[in-house]
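Here is what each chain is made of, one letter per residue.
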Amino acid sequence: MELVCPAGNLPALKAAVDNGADAVYIGLQNDTNARHFSGLNFTEHRLVQAVEYVRKQARHRYVKLFIAVNTYAQAGGFARWQRAVDIAADCGADALIAADIAVLSYAHKRHPSLNKHLSVQASATSAQALQFYHEQYGIRRAVLPRVLSLSQVATLIQQSPVDIEVFGFGSLCIMAEGRCLLSSYATSQSPNTVGACSPASAVRWDETATGFDTRLGGFLIDRFTHGEQAGYPTLCKGRFCVEGQIEHAIESPTSLNTLPILPQLLEAGVKAVKIEGRQRSPAYVAQVVGAWRTALDACLHNPQRFTPSASSMQTLAKVSEGRQTTLGAYDRPWQ
Amino acid sequence: MKISLGSLLYFWRKAQVFAFYDQLAQSSVDRVYLGETVCAKRRELKLDDWLAIARGLKAAGKEVVLSTLTLPTAASELAQMERLCNQSDFLVEANDFSAVHFLHRAQRPFCTGPSMNLYSSEAIETLANAGLNRWVLPVELGIRQLTTIQQELKAKDLSRLQCEVFSHGRLPLAHSARCFTARHQQRNKDQCQFSCLQTPMGIPLSTQEGERLFTLNGVQTLSGRVHNLLNEWPQMQQLGVDAMRISADSESVIEVINALRHAITHNEHSVALAPQQCNGYWHGLPGASVHTLQTADLAYQA
């Protein structure tokens, strides 16, 4: 089982590789990927350095490099996505991660030897959907949206024509990836239009008599008292009023952590576990990848006897949203 | 300009659904989309019931399309979807790629709904190669993107592909594995007791200062405000839009259909938006915004 790790910049990439990643995934510095934030991602020059670094490791162990061109090509802008695919192919990337059928089709025809992984942004939740992408565009692996229970994942793997990669750790989207427009309703920017969600440009923090109000696009997302830690106003993680009750009506700030079910993921036939977090710091990446490498090695060595160590769980909880973690949709009652 | 009625997004009792479509058969709607697209647990109507409604509407002179589930996750849902895709009496609207797979394998032409991510002429062309004949503009796109797409499709000799625009109703914004209606009642999805039957127009979600933001509808999240592009029919007509899609959210949708038909017939297009309505997406603004000719003038002066 491969450990696939995020890298938003070169220091993070080095941190991931040095701490035991089997693969790192990165994006280019434009809206062709779904973490299009200022200061993040790789220029063509940095990409050369990234390739050099991972290939240098090949003497000890082979670390793969995946390039995410995983947003939907915008009307009139397809040339940008074609260029991104060409860059991925030309630099010798081990795989292209894409969601848009036109991008996949272009890659398939123009660069037939470039491996294609279906991005989580394609929102493919069935073996049948994967069959279509595999037959038409030649995908070899798919990343599943975080909406299936563990048993549904296992069933899908049995019928899937391609290898399956699942998210194992990181910030949790409660909505099916690639199927969420909440952000553009409030701010005009969404993952599908600009590769961003709840953009900083639309955020406002207002100090009040009792604490802080956080707003996105003018809408009040949450209210914190002076004692509380004010969270970033991601649209779906606010406290809202539903039938008179104020609650985290959509989602509480929490992170996914599947370390406790690693043996079951292995048994189900999961090919790769993905750590979320291209927008995270190199220090975060180092800590998370290090903890996961240790845990994964222990699990691969003896799956029957594996339990995550208390220190691993603590390390991961400390860096998680809301200081808490969940199994998310893998655990059916959570749905 | 045709008027189509999107699939019923809420969960209603069987009798109410049958009565609703009986009324619709008498209206001036041209095309009707039928079927459960939100949650497979909603089984007041079986496939045979939907087919019966379909045949009734067809007899009344309406075009009928059967719609598939937006986010299938269970084997039983896919089996049902396959049955629907294999029937040949009615065109099928695919709302995810599982349905596209079934339809392509059966070599049936198909159309796609608003939650299929077709953001460029290249994506539309690619799917047309697999059998797509009609598509719906993603609801967060507007006149600028549609203009580009239609121009490019024409240049590719693909003007035969029909296009619909979601023009009235609460906007479907997101789908999840989690059921928000059940969660609000502190139940999980498997023991939901079909509580969404009690809220036939969804549950309003507001900010802590009382501003309506979203609407909870089981696993689907809709906008708080009602999207209204009825005034935009002249631009849509010019862009070659085949039909304006009205979302089925209550019996009063018949009045919306009549109002739109009247406006097109009498060349009217300046009916003020009602409070709690929005049209931002069409004008390149946040979806919740309201764009009027006055605000356009102010923007020009600024």
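Nothing here was measured: the structure is a model prediction, and the numbers come from that model.

**Notes on the overall build of chain A**
Stage number 1. The number of helices and strands found in chain A is eleven helices and 16 strands.
Stage number 2. A compact globule built from 335 residues would reach a C-alpha radius of gyration of about 20 Å, and chain A, at 20 Å, matches this within 12%.
Stage number 3. With respect to the three principal axes, the spread of C-alpha positions in chain A is 60 × 55 × 40 Å.
Stage number 4. In chain A, which comprises 335 residues, the proportion classed as buried is 62%.
Stage number 5. Within chain A, counting contacts between residues at least 6 apart in sequence, those at least 24 apart form 64% of the total.
Stage number 6. Of the roughly 12,300 Å² that chain A leaves accessible, carbon and sulfur atoms contribute 49%.

**Quick notes on the packing of aromatic side chains**
Stage number 1. Applying the stated criterion across every chain, the model contains ten aromatic pairs over all chains.
Stage number 2. Ring geometry for F132 of chain A against Y137 of chain A: centres 6.0 Å apart, planes inclined by 80 degrees, an arrangement best described as edge-to-face.
Stage number 3. Pairing F20 of chain B with Y21 of chain B gives two aromatic rings, centres 5.0 Å apart and planes at 75 degrees, and the pair type is edge-to-face.
Stage number 4. The ring of F194 of chain B carries the charged tip of K41 of chain B above its face, separated from the ring centre by 5.4 Å.

**Focus: the nonpolar core**
Stage number 1. Grouped together as the largest cluster of nonpolar side chains are 209 residues, with contacts concentrated most on L13 of chain A together with L5, Y21, L127 and W135 of chain B.
Stage number 2. Counting residues per element, this core draws most heavily on helix α10 (residues 282-301) of chain A, which supplies nine residues.
Stage number 3. Setting aside chain neighbours within four positions, we find W135 of chain B in contact with T112, L118, I124, L146, I149, Q150, L153, L161, Q162, C163 and E164 of chain B.
Stage number 4. Counting eight residues, the second-largest nonpolar core is a separate cluster that includes V4, F66, A68 and A95 of chain A.

**Some points on the interface of chain A and chain B**
Stage number 1. The partner chain B presents 70 residues to the 64 residues of chain A that form the contact.
Stage number 2. Buried area between chain A and chain B, summed over both chains or domains, comes out near 5,500 Å², and the portion from carbon and sulfur atoms is 59%.
Stage number 3. Seen at the junction of chain A and chain B, the total is one salt bridge.
Stage number 4. For E209 of chain B, the salt bridge goes to R215 of chain A, with nearest N and O atoms at 2.6 Å.
Stage number 5. Taken together, the elements giving at least two residues each to the side of chain A that touches chain B come down to α4 (101-110), α5 (127-137), β8 (175-180), α7 (182-187), α8 (191-194), β11 (219-225), β12 (240-242) and β13 (245-247) of chain A.
Stage number 6. Looking at the side of chain A that touches chain B residue by residue, the class counts come to 32 nonpolar, 22 polar and ten charged.
Stage number 7. When β8 of chain A meets strand β7 (residues 162-176) of chain B, the two strands line up antiparallel, connected through two bridges. Directly across from C180 of chain A, in β7 of chain B, lies its bridge partner A174 of chain B.

**Brief notes about the confidence of the model for chain B**
All names here are of chain B.
Stage number 1. Chain-level pLDDT for chain B is 95 on average; 97% of the residues reach the 70-or-more range.
Stage number 2. Segment residues 298-302 is flagged for pLDDT under 50; beyond a separation of four residues in sequence, or across chains, it makes zero contacts in the model.
Stage number 3. Both scores are available for the predicted complex, with the pTM at 0.95 and the ipTM at 0.95.

**Some words on the packing of helix α1 (residues 10-18) of chain A against α10 of chain A**
Residue and element names in this part refer to chain A.
Stage number 1. It is at 8 Å that the axes of α1 and α10 come closest, and there the two elements cross at 15 degrees. What the angle tells us is that α1 and α10 run roughly parallel. When the axes of α1 and α10 are compared, the crossing they make is right-handed. Of the residues in α10, those touching α1 at P11, A12, A15 and A16 are P282, V285, A286 and V289.
Stage number 2. Taken together, the residues of the contact of α1 with α10 break down into eight nonpolar, no polar and no charged.

Rules used in this analysis
Residues numbered from 1 in each chain as written. Chains lettered and ligands numbered in written order. Predicted model: local features only at pLDDT ≥ 70, side-chain atom pairs only at ≥ 80, totals over all residues. Heavy atoms only, no water. Helix = DSSP H or I, 4+ residues; strand = E, 2+ residues; numbered from the N terminus. Rg over C-alpha atoms; globule rule 2.2 N^0.38 Å. Buried < 20%, exposed > 50% of the residue type's maximum accessible area, 1.4 Å probe, protein only. Contact = heavy atoms within 4.5 Å. Areas by Shrake-Rupley, 256 points an atom, 1.4 Å probe, with all protein chains shown as cover. Phe/Tyr/Trp six-rings, centres within 6.5 Å; stacked < 30°, edge-to-face > 60°. Lys NZ or Arg CZ within 6 Å of the ring centre and 35° of its normal. Core = buried A, V, L, I, M, F, W, Y, C linked by side-chain atoms within 4.5 Å. Buried area = accessible area lost by both parts, 1.4 Å probe. Salt bridge = Lys/Arg side-chain N within 4 Å of Asp/Glu carboxyl O. Nonpolar A, V, L, I, M, F, W, Y, C, P; charged D, E, K, R; others polar. Pairing = 2+ DSSP bridges. pLDDT = per-residue confidence, 0-100. Axes fitted to C-alpha atoms, helices over the stretch in contact; angles between N-to-C directions. Parallel < 35°, antiparallel > 145°, perpendicular 65-115°, else oblique. Left-handed = near helix turned anticlockwise from the far one by under 90°.

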